[in-house]
Amino acid sequence: MTSSFSTELEELRSAVRSFLDDTTGESAVRAYLGATGEFDRTAWSVLAEQLGLLGLAIPEEYGGADHGFTELAVVFEEMGRVLYGGPFLATVAAGQAILLVGDAAASADLLPAIASGQTVATLAVAERDGRWEEASVQTRATRTGDGAGDGGAGWRLDGTKMFVLDGCAADLILVAARTDRGVGLFAVDGTTAGTAGGSRRTPLATLDQTRKQARIDLDGVEARLIGAEGAGWAAVEGTYQRVLVALAAEQVGGAARALDMAVDYARSRFQFGRPVGSFQSIKHKCADVLIEVESARSAAYAAAAAAATDDPELPLLASLAAAYCTEAHLHAASENIQIHGGIGFTWEHPAHLYFKRASSARLMFGDPTYHRERVAQLIPE
């Protein structure tokens, strides 16, 4: 799959890798572990303004570069390689939701600031059961009559959202909430958190400390309807599929980096007068992981191509990629620890950070069993 990448994609990969290597080394990742919601704003500005990564899949009319999801997949793969912890996935997801809901006025108002990096955004869908399913949305939206139909707020939200990516850092929160007509998307000003009429955001303890999540309590919070009332679930479902693709690409990067770490160690660690990588059992472990990484890369980029062209098979390919890449990622991270032996289990070695990312990502948007069931349902009889 790698050999089919265009020159432009390889140049993008090189630029992103160089930037991330300079800004997201192991020391930077470890410094981020204890932070509740803050991240490197300077690096974020460079990422957005100089590299234009936040606007890759946003149309030019809204301040973006009008590229597709294949370019985004390259970026996510490189971010997975270094355990990037900024709110990139959350902000991209929110931008995609705004585009998919088809509200031109909201797109003109909100997307330019997202593309420029001025606005950190997130999408709040899951509730206590953790599912991105329409029936699970219980947060209620009530019309107030103020600003309805003229671009003002006009709504108030009541409910609790769980496991919101970068919920404590977001300036803009897109909330899936239910009205009498169905589930809609509502924009909430995240900068009012903790104030009268604002949301209450609580950081959650997570296994993967490099990826922040939050609980958001909405108690009569003012909100703006995005798109038509009760017509937001199709956009949420479309965004969910694209998030799966993004996460799959990120998992490929994490798995590939774990394999590189294992191979480097196997070459340099000597036992009984020879590199441990010369032992057949270690060779087999590395070979098995290599096959899985390359297969996962093919699955992720096939799904990314489908997302880029709005292929009707995107739901199927996204779940296929989610199931396979999740397992490949976790296997690579596990084998990396095994090949390192005792040192791989220590806090000082970064292997555990990749294992925690893989373990957490496995459950974020449905585990492999869930996605295999989706695949079975989506395959035509």
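Described below are features of the structure shown in this document. (Residues numbered from 1 in each chain as written. Predicted model: local features only at pLDDT ≥ 70, side-chain atom pairs only at ≥ 80, totals over all residues. Heavy atoms only, no water.)

## Section: the overall build of the protein
To keep it simple, the criterion reads: Comment: elements are numbered from the N terminus, with helices defined as DSSP H or I runs of at least four residues and strands as E runs of at least two. All radius of gyration figures rest on C-alpha atoms, and the globule criterion is 2.2 Å times the number of residues raised to 0.38. Each residue gets one of three labels from its accessible area relative to the maximum for its type: buried under 20%, exposed over 50%, partly exposed in between, using a 1.4 Å probe on protein chains only. Throughout, a residue-residue contact means that at least one pair of heavy atoms, one from each residue, lies within 4.5 Å. Only the protein chains shown count as cover for residues, and the accessible areas themselves come from Shrake-Rupley with a 1.4 Å probe. A positive count includes Lys and Arg, and a negative count includes Asp and Glu. His and the chain ends are not counted in either. Where a charge sits is defined by one atom per residue type, namely NZ (Lys), CZ (Arg), CG (Asp) or CD (Glu).
What the protein contains, in helices and strands, is 11 helices and 9 strands. In terms of C-alpha radius of gyration, the protein reaches 21 Å, essentially the compact-globule figure of 21 Å for 381 residues. Here the C-alpha coordinates of the protein stretch approximately 80 × 50 × 40 Å along the principal axes. Expressed as a percentage of the 381 residues in the protein, the buried residues total 54%. Taking all contacts inside the protein whose residues are at least 6 apart in sequence as the whole, residues at least 24 apart take part in 74%. Roughly 16000 Å² of accessible area belongs to the protein as shown, and the carbon and sulfur atoms make up 51% of that amount. In the protein, the 32 positive side-chain charges and the 49 negative ones have mean positions that sit 7 Å from each other.

## Re empty space enclosed by the protein
We count it as follows: Space inside and on the surface of the protein is sampled on a 1 Å grid over the protein atoms alone, with a cavity defined as a set of points where a 1.4 Å probe fits but cannot get out and a pocket as an open set with protein on both sides within 12 Å along at least 5 of 7 lines; lining residues have an atom within 4 Å of a point. Grid points are joined across faces, edges and corners, and a volume is the space filled by probe spheres set on the points. Each residue is assigned to one class: nonpolar for Ala, Val, Leu, Ile, Met, Phe, Trp, Tyr, Cys and Pro, charged for Asp, Glu, Lys and Arg, and polar for all the others, Gly among them.
A full pass over the atoms with the stated rule returns 6 cavities of 30 Å³ or more. Taken together, 14 residues make up the lining of the largest cavity; nearest its centre are Tyr 84, Gly 86, Phe 88, Leu 89 and Arg 211. When contributions to the lining of the largest cavity are tallied by element, the ones reaching two or more residues are helix H4 (69-82) and helix H5 (88-101). With 3 residues, H5 is the single largest residue contributor to the lining of the largest cavity. For the lining of the largest cavity, a count of residues per class yields 8 nonpolar, 3 polar and 3 charged.

## A few points about the environment of Ala 351
Within the secondary structure layout, Ala 351 lies in helix H10 (residues 351-364). Residue Ala 351 is classed as buried on the basis of its relative accessible area of 0%. Put simply, Ala 351 and Arg 257 are 94 residues apart on the chain and 10.0 Å apart in space, counted from C-alpha to C-alpha. If sequence neighbours within four positions are ignored, Ala 351 has contacts with Met 261, Asn 336, Ile 337 and Gly 344.

## Structural notes on the pattern of salt bridges
Selection criterion: Every case where a carboxyl oxygen of Asp or Glu lies within 4 Å of a side-chain nitrogen of Lys or Arg is listed as a salt bridge.
In total, this model carries 24 salt bridges according to the counting rule given. Notably, a salt bridge pairs Glu 77 with Arg 297, separated by 2.8 Å at the nearest N-O pair. In this pair, Glu 77 sits in helix H4 while Arg 297 sits in helix H8 (residues 280-308), placing the two residues 220 residues apart along the sequence. For the pair formed by Glu 77 and Arg 297, the shared burial category is buried. Of the charged contacts, one joins Lys 285 and Glu 335 as a salt bridge, the two residues approaching to 3.2 Å between their closest N and O atoms. Taken as a pair, Lys 285 in helix H8 and Glu 335 in helix H9 (residues 314-340) lie far apart in primary sequence, 50 residues in all.

## Here's the deal with the layout of surface pockets
It is the rolling of a water-molecule-sized probe over the atoms that shows where space remains empty. Looking at the largest pocket, its volume works out to about 590 Å³. Of all the secondary structure elements, the ones that give two or more residues to the lining of the largest pocket are H5, strand S1 (121-124), strand S3 (154-165), helix H7 (233-268) and H10. Broken down by element, the residue count for the lining of the largest pocket peaks at 4 residues, all from S3. Grouping the amino acids of the lining of the largest pocket by side-chain chemistry returns 20 nonpolar, 6 polar and 3 charged.

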